[in-house]
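Understanding the architecture of this molecule
What follows is the residue order along each chain.
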Amino acid sequence: GIHEPLYTLPSYLLLELPIEPFGLSSTVLGLLLVFRTNTSYSRWNKARSLWGMIINHTRNIMRMASSWTLLEPSITSTPHDRN
């Protein structure tokens, strides 16, 4: 046929393994990956919410600082602006 091997191994070198350990280990590996994914997502989500809170607090501080630094129009205007 088209896909015949170039060299055939003797029968004593052929490896036969039971399938059960692989099925069990794949289930355990799948659960471990799901747990790790959920943990990393919760950490990312917490960091995102904390970063948003930092941004909001910074905006509030700048808003308060800009309202405190506004001067009366008569004080800030120059003689050129009064004409």
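Residues numbered from 1 in each chain as written. Predicted model: local features only at pLDDT ≥ 70, side-chain atom pairs only at ≥ 80, totals over all residues. Heavy atoms only, no water.

Turning next to the overall build of the chain. A count of helical and extended segments in the chain gives three helices and zero strands. Starting at the N terminus and ending at the C terminus, the chain contains elements arranged as α-α-α. A burial count over the chain gives 0% of its 83 residues as buried. Summed over its atoms, the accessible surface of the chain is roughly 8500 Å², and 67% of this surface lies on carbon and sulfur atoms. (Helix = DSSP H or I, 4+ residues; strand = E, 2+ residues; numbered from the N terminus. Buried < 20%, exposed > 50% of the residue type's maximum accessible area, 1.4 Å probe, protein only. Areas by Shrake-Rupley, 256 points an atom, 1.4 Å probe, with all protein chains shown as cover.)

Here we come to the packing of aromatic side chains. All chains considered together, the criterion is met by one aromatic pair. Between Tyr41 and Trp44 the ring centres are 5.8 Å apart and the planes differ by 35°, which places this aromatic pair in the tilted class. Here Tyr41 and its partner Trp44 are both found in helix H1 (residues 20-69), three residues apart, which amounts to about one turn of the helix. Here Tyr41 falls in the partly exposed class, since its relative accessible area comes to 49%. (Phe/Tyr/Trp six-rings, centres within 6.5 Å; stacked < 30°, edge-to-face > 60°.)

Right, let's talk about the confidence of the model for the chain for a bit. A residue-level look at the chain finds 80% of positions with pLDDT of 70 or above and a mean pLDDT of 82. Predicted confidence in the chain is weakest over helix H2 (residues 73-76), with a mean pLDDT of 55, and strongest over H1, with 92. (pLDDT = per-residue confidence, 0-100.)

Turning our attention to a nonpolar patch on the surface. A cluster of nonpolar side chains, contributed by Tyr7, Leu9, Tyr12, Leu13 and Leu14, occupies part of the molecular surface with about 650 Å² of accessible area. Along the polypeptide, Leu13 turns up in the segment before H1. What makes Leu13 partly exposed here is its relative accessible area of 49%. (Patch = residues over 30% accessible without salt bridge, like charges linked within 9 Å, V, L, I, M, F, W, Y side chains within 5 Å. Salt bridge = Lys/Arg side-chain N within 4 Å of Asp/Glu carboxyl O.)

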